[in-house]
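Fold and contact review
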Amino acid sequence: MLALDDTIAAISTPIGEGGIGIVRLSGPEARTILRQVFLPAGQPCDFGPESHRFYYGHVVDTDSNSAVDEVLVVLMRAPRTYTRQDIAEIHCHGGIVPLRQTMELVLRCGARLAEPGEFTLRAFLNGRIDLAQAEAVLDIVRAKTEVGLRVAMQQLEGGVSSEVRKIRSELVGALAYVEASLDFPEDEIPPLDLASVLSSAREQIVTLLDRADQGLVYRQGVRTAIVGRPNVGKSSLLNALLRTSRAIVTPIPGTTRDTLEETLNLRGIPLCLVDTAGITESADFIAKLGIERSRQALQQADLVLMVIDGGELLQAEDFEIADLLRNQTVIVVVNKLDLPAIADGSRILFRVRHVPLSARTGEGLDLLEDAIVETIFSGQVQTSDLPVVSNPRHCEILRRALGHVNAAKSSIHVAGTAPSVLGSGADLLAVDLTAAVSALGEITGETVSEDVLDAVFSNFCIGK
Ligand SMILES: Nc1nc2c(ncn2[C@@H]2O[C@H](COP(=O)(O)OP(=O)(O)OP(=O)(O)O)[C@@H](O)[C@H]2O)c(=O)[nH]1
Ligand SMILES: [Mg+2]
């Protein structure tokens, strides 16, 4: 997959019926293959083709001499292309059959079926984008909200990469200094305040990691389970939050039998809301299966909205459910605020936040939304103009790099900082700095193994 000298091809639009469907080629033979399968309308001899210009005509199967589809094609000559190679695109009518046939033709003419993400991989291997930027491409495709998209765009434009590169280059400077002191102990080396370089690197990494909590939320969303005993208004709450009548609501306990998921864009945060079957002891066989799913949803949730009925006395089941939530991030929703208040909601999960509301009238819903946003961000205000790390792979690397920087810091105490006194600890210092520098390089892809590349690009779809 790391080879660049063959020509890859893929259907780059989703499979199914669409307005158009695009077969894309990248590689040295893209132009030749395009000329083989495409017959331009009008004066065929004119078909250079000129770069970055659309031509109208037909894809023709030369074996059977039959037209496969009426198309527009464009050839983009390297290097002004997505992959920095020659790229050809054939814009077919968006049906499965013409796309398949066109694909078969280009494969017959010598193209190879592209692996998932291989176009973007080529963009990376050819140095057009770094690895973090390549990953941002996928995040853009998958962005669930506008804020998620903005975070991904910043990453694509190199925001995250440039922060990481800055830290890395400071550490490279420190490493060069330590190595010079080791290699040429006699020489006069301009002094460098290693301790402050390391402190500054540490601080910058910590800041990136702090902001990453938000980045992860915007990229991955928050799984939010709505739980409670039957009939307290869980499905009504789901509907109220979604502002549609998505789930069935009835006065009969046990209405919801299975978990039900919907995505909600809550002020830019993608919430995956899961409505669950009311948890109760008295249940028939089918209901028990549903309740088992409720328990699973509860365990998998990042955030739990526990609903209680404010219009009734608290029941043993409420307390049993509360018991299940001890290690979870929870907001207690005291529902049915429109009815005379009877439940003493404060008696349940008293350390967590309680929000009284009425799912029926909508009163208090905005306060719940505030509470959700504040809980997710632990009360921190969002800063959206700074580049935000939003990729778990990057977070893991930053944590690793932080470990190496911390280790280097403690080696300074052994080694001292002046070149003349950089004693036995200097070797250690060099090892830790090298590890930190190399780790940070994995984010941008300067130092990265084939396995990591495989892992990153296998998440892409074919044709991207
Ligand atoms: N007065 C009032 N009634 C409500 C409110 N929210 C829900 N209800 C009523 O409570 C009953 C149960 O509502 P659901 O939303 O189906 O409750 P649930 O928790 O999903 O119930 P199960 O699916 O059976 O576990 C229905 O009759 C709703 O109309 C509210 O805020 N005020
Ligand atoms: Mg329900």
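For the structure itself, consult the block above.
Below or above, wherever it landed, is the structure these notes cover. (Residues numbered from 1 in each chain as written. Chains lettered and ligands numbered in written order. Predicted model: local features only at pLDDT ≥ 70, side-chain atom pairs only at ≥ 80, totals over all residues. Heavy atoms only, no water.)

One number sums up the size of the largest pocket: a volume of about 460 Å³. As for the largest pocket, its lining consists of 24 residues, of which Asn231, Gly233, Ser236, Val249 and Lys336 are closest to the centre. Split by residue class, the lining of the largest pocket holds 8 nonpolar, 12 polar and 4 charged. (1 Å grid on protein atoms, 1.4 Å probe; cavity = no way out; pocket = protein on both sides within 12 Å on 5 of 7 lines; lining within 4 Å. Points joined across faces, edges and corners; volume = space filled by probe spheres on them. Nonpolar A, V, L, I, M, F, W, Y, C, P; charged D, E, K, R; others polar.)

A few words on the coordination of the magnesium ion (ligand 2). Coordination of the magnesium ion (ligand 2) by the protein is provided by Ser235 (OG) and Thr256 (OG1), with metal-donor distances spanning 2.0 Å. Within this pair, whereas Ser235 is found in helix H8 (residues 234-242), its partner Thr256 is found in the loop between H8 and strand E9 (260-266), the two being separated by 21 residues in sequence. (Donors = N, O, S within 2.8 Å, 3.2 Å for Na, K, Ca; no water. Helix = DSSP H or I, 4+ residues; strand = E, 2+ residues; numbered from the N terminus.)

Let's shift gears to the state of the cysteines. Within this structure, the stated rule accounts for 0 disulfides. In this structure Cys461 is not part of a disulfide, and its nearest cysteine sulfur, from Cys92, lies 17 Å away. (Disulfide = S-S within 2.5 Å.)

Attention shifts here to the pattern of salt bridges. Counting across every chain of the model gives 27 salt bridges. Of the charged contacts in the structure, one is a salt bridge between Arg211 and Glu163, with a shortest N-O distance of 4.0 Å. Taken together, the residues Arg211 in helix H7 (residues 194-220) and Glu163 in helix H6 (residues 159-183) connect sequence positions 48 residues apart. Note that Arg223 is salt-bridged to Glu261, the shortest N-O span being 3.0 Å. Linking Arg223 in strand E8 (residues 222-227) with Glu261 in strand E9, this pair joins segments that are 38 residues apart in sequence. Since its relative accessible area comes to 26%, Arg223 is described here as partly exposed. Judged by its relative accessible area of 44%, Glu261 falls in the partly exposed class. Here the residues in one salt-bridge network are Asp6, Arg112, Glu118 and Arg122, joined through shared partners. (Salt bridge = Lys/Arg side-chain N within 4 Å of Asp/Glu carboxyl O. Buried < 20%, exposed > 50% of the residue type's maximum accessible area, 1.4 Å probe, protein only.)

Taken together, 7 strands build an open sheet; the order of strands is E3-E4-E5-E6-E2-E1-E7 and the sheet is mixed. Bordering the open sheet on either side are strand E3 (38-40) and strand E7 (112-113), each of which pairs with just one other strand. Here 9 bridges tie strand E4 (residues 53-61) to strand E5 (residues 66-76), and the two strands are oriented antiparallel to one another. Within E5, the residue paired with Tyr55 across the bridge is Val73. Contacts from helix H3 (residues 118-125) reach strand E1 (8-11), strand E2 (18-26) and E7, with the element oriented near 140° to E1. (Pairing = 2+ DSSP bridges. Contact = heavy atoms within 4.5 Å. Axes fitted to C-alpha atoms, helices over the stretch in contact; angles between N-to-C directions.)

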